[in-house]
Amino acid sequence: ETGVTQTPRHLVMGMTNKKSLKCEQHLGHNAMYWYKQSAKKPLELMFVYNFKEQTENNSVPSRFSPECPNSSHLFLHLHTLQPEDSALYLCASSQDQGQNEKLFFGSGTQLSVL
Amino acid sequence: GESVGLHLPTLSVQEGDNSIINCAYSNSASDYFIWYKQESGKGPQFIIDIRSNMDKRQGQRVTVLLNKTVKHLSLQIAATQPGDSAVYFCAVPSNSGNTPLVFGKGTRLSVIA
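Calculation rules
- Residues numbered from 1 in each chain as written.
- Chains lettered and ligands numbered in written order.
- Predicted model: local features only at pLDDT ≥ 70, side-chain atom pairs only at ≥ 80, totals over all residues.
- Heavy atoms only, no water.
- Helix = DSSP H or I, 4+ residues; strand = E, 2+ residues; numbered from the N terminus.
- Rg over C-alpha atoms; globule rule 2.2 N^0.38 Å.
- Buried < 20%, exposed > 50% of the residue type's maximum accessible area, 1.4 Å probe, protein only.
- Lys, Arg positive; Asp, Glu negative; His and termini not counted.
- Charge placed at Lys NZ, Arg CZ, Asp CG, Glu CD.
- Salt bridge = Lys/Arg side-chain N within 4 Å of Asp/Glu carboxyl O.
- Contact = heavy atoms within 4.5 Å.
- Disulfide = S-S within 2.5 Å.
- Buried area = accessible area lost by both parts, 1.4 Å probe.
- Polar contact = N/O pair within 3.5 Å; in protein donor to acceptor, adjacent residues only side chain to side chain.
- Nonpolar A, V, L, I, M, F, W, Y, C, P; charged D, E, K, R; others polar.
- Phe/Tyr/Trp six-rings, centres within 6.5 Å; stacked < 30°, edge-to-face > 60°.
- Lys NZ or Arg CZ within 6 Å of the ring centre and 35° of its normal.

*Asks:* I would appreciate a short explanation of the overall build of chain A in the present structure.
*Replies:* Looking only at helices and strands, chain A has zero helices and 11 strands in total. Moving toward the C terminus, one meets the helices and strands of chain A in the order β-β-β-β-β-β-β-β-β-β-β. Against the globule reference of 13 Å for 114 residues, chain A gives a C-alpha radius of gyration of 13 Å, in line with a compact fold. Each principal axis of the C-alpha distribution contributes one length, and for chain A these read about 35 × 25 × 25 Å. A burial count over chain A gives 46% of its 114 residues as buried. Side-chain charges in chain A split into 10 positive and 10 negative, and the spacing between the mean points of these groups amounts to 8 Å.

*Asks:* Hey, could you run me through the pattern of salt bridges in this one?
*Replies:* As a working rule, side chains carrying opposite charge can pair if their charged atoms are close by. Residue and element names in this part refer to chain B. Tallied over the full model, the rule gives four salt bridges over all chains. R57 serves as the salt-bridge partner of D49, at 2.3 Å between the closest nitrogen and oxygen. Relative accessible area serves as the criterion here: at 36%, R57 is assigned to the partly exposed category. A salt bridge links R61 to D84; the nearest nitrogen and oxygen atoms lie 2.9 Å apart. You can see R61 sitting in the loop between β6 (56–58) and β7 (62–67) and its partner D84 sitting in the loop between β8 (72–77) and β9 (86–92), a full 23 residues away along the chain. Since its relative accessible area comes to 30%, R61 is described here as partly exposed.

*Asks:* Which parts of the structure should I look at to understand the side chain of T80(B)?
*Replies:* All names here are of chain B. In this structure, T80 sits in the loop between β8 and β9. The buried category is assigned to T80, whose relative accessible area is 1%. Those residues in contact with T80, other than ones at most four positions away along the chain, are V13, E15, G16, D17, N18, S19, R61, L109 and V111.

*Asks:* Would you mind going over the state of the cysteines with me for this structure?
*Replies:* Two cysteines whose sulfur atoms are joined by a covalent bond form what is called a disulfide. Summed over all chains, the structure comprises two disulfides over all chains. With its sulfur 1.9 Å from that of its partner, C23(A) forms a disulfide with C91(A). In this structure, the disulfide formed by C23(A) and C91(A) twists by about -70 degrees around the S-S bond and is classed as left-handed. Taken as a pair, C23(A) in strand β3 (residues 18–25) and C91(A) in strand β9 (residues 87–94) lie far apart in primary sequence, 68 residues in all. The same class applies to C23(A) and to C91(A), which are both buried. Across a sulfur-sulfur distance of 1.7 Å, C23(B) and C90(B) are joined as a disulfide pair. Looking along the S-S bond of the C23(B)-C90(B) disulfide, the torsion reads about 45 degrees, which is the right-handed sense. Of this pair, C23(B) sits in strand β3 (residues 19–25) while C90(B) sits in strand β9; the two residues are 67 residues apart in sequence, bridging distant segments of the chain. For C23(B), a relative accessible area of 0% puts it in the buried group. Looking at C68(A), it has no disulfide partner, and the nearest cysteine sulfur is the one in C91(A), 9.0 Å off.

*Asks:* I tried to follow the interface of chain A and chain B on my own but got confused; where do I start?
*Replies:* How big an interface is tends to be stated in terms of the accessible area lost upon association of its parts. Each partner contributes to the interface: chain A provides 24 residues, whereas chain B provides 26 residues. Summed over both partners, the interface of chain A with chain B buries about 1900 Å², with 54% contributed by carbon and sulfur atoms. Of all residues in chain A, the largest losses of buried area upon contact with chain B belong to Q99(A), N100(A) and K102(A), amounting jointly to 33% of the total for that side. For the pair chain A and chain B, the interface holds three residue pairs in polar contact (both at pLDDT 80 or more). For the side of chain A that touches chain B, the secondary structure elements donating two or more residues are β4 (31–37), β5 (44–50) and β9 of chain A. Residue composition of the side of chain A that touches chain B, by class: 10 nonpolar, eight polar and six charged.

*Asks:* Which parts of the structure should I look at to understand the packing of aromatic side chains?
*Replies:* The geometry of an aromatic ring pair is captured by the separation of the ring centres together with the interplanar angle, meaning the angle of the planes. This model, assessed by the stated rule, comprises eight aromatic pairs over all chains. Arranged with centres 5.6 Å apart and planes meeting at 55 degrees, the rings of Y35(A) and F105(A) form a pair that is tilted. Note that Y35(A) is positioned in strand β4 and F105(A) in strand β10 (residues 104–105), a separation of 70 residues in sequence. No difference in accessibility class separates Y35(A) from F105(A), as the two residues are buried. Ring centres of F105(A) and F103(B) lie 5.8 Å apart, and the angle between their planes is 75 degrees; this geometry places the pair in the edge-to-face category. Taken as a pair, F105(A) in strand β10 and F103(B) in strand β10 (residues 102–103) lie in two separate chains rather than in one. Taken individually, F105(A) and F103(B) each receive the classification buried, so the pair is uniform in this respect. Taken together, the aromatic side chains of Y33(A), Y35(A), F105(A), Y36(B) and F103(B) make up a single cluster linked through ring pairs. The ring of F46(B) is capped by K102(A), whose NZ or CZ atom sits 4.0 Å from the centre of that ring. Positioned above the aromatic ring of Y32(B), the side-chain terminus of R51(B) is 4.1 Å from the ring centre.

Shown next as C-alpha cells:
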C-alpha cells in the first residue's frame, strides 16, 4: 500500500450522469494531484493542489471539476463526460509541490463513459 | 518543456535473465530521475531514484544507470522474475517551476517462464 486510497476502483457512467472520484492520502503530504492515463499515452497531469489551493490546471475541460477540502482529501467531480474521457484516473500526493518531489500514486479509478 | 522518451514500448525476457529498460530525456539541467513500476490494476509504484551527482545506484535486484553526457537513463533488473512483469516508467523533473515530474510512455516488460 502506498498510503493513497482511491474510490471507486471502477466506474461506468453515461454521458448525462454526474459522479465523483475520491482520493485520500494518509502520508501527511501537502500536495495532491490528478492524472489521466489513457492507453499508449504518457501520464497526463490534470490538476495540482498545494495546501488545499489549486496551483495548476492543465487546460482540462470544465466537465472535470476538482475539489480539495483539506490536504488529505481530493475529489474529481465528473459531469456530461464524453466517451473519449474513458481512462484510468490516478491520484497522487507528494510531500510538497515541486519539480523534484517523489510522487506516491493510488491504484486509480478505471472510468468507462458510455 | 521537458520531454521523456523510451526506446522500446515492449520487452520480453526469459525468467532468470537480466532486463534492461532505457529512457532518454531532453533537458541537460535535469538533476533527479525516478523509475516507477505499474502492475496491472495498480497505480505506478516507486522503484528507485538517482540524482545527477551519481551515475549509478543499486537497489534490491535493480540498478539505475545515468549517462548525463547523452542524457540517457536505464533500469537494470537482475534475475528477472514473473512478478517483474509490469509497465516501467521513467520520470524526470519538468522545466517549469512547481510542475511535478514528466513521465515517459512506459515499457511493458513481459517475463517468459
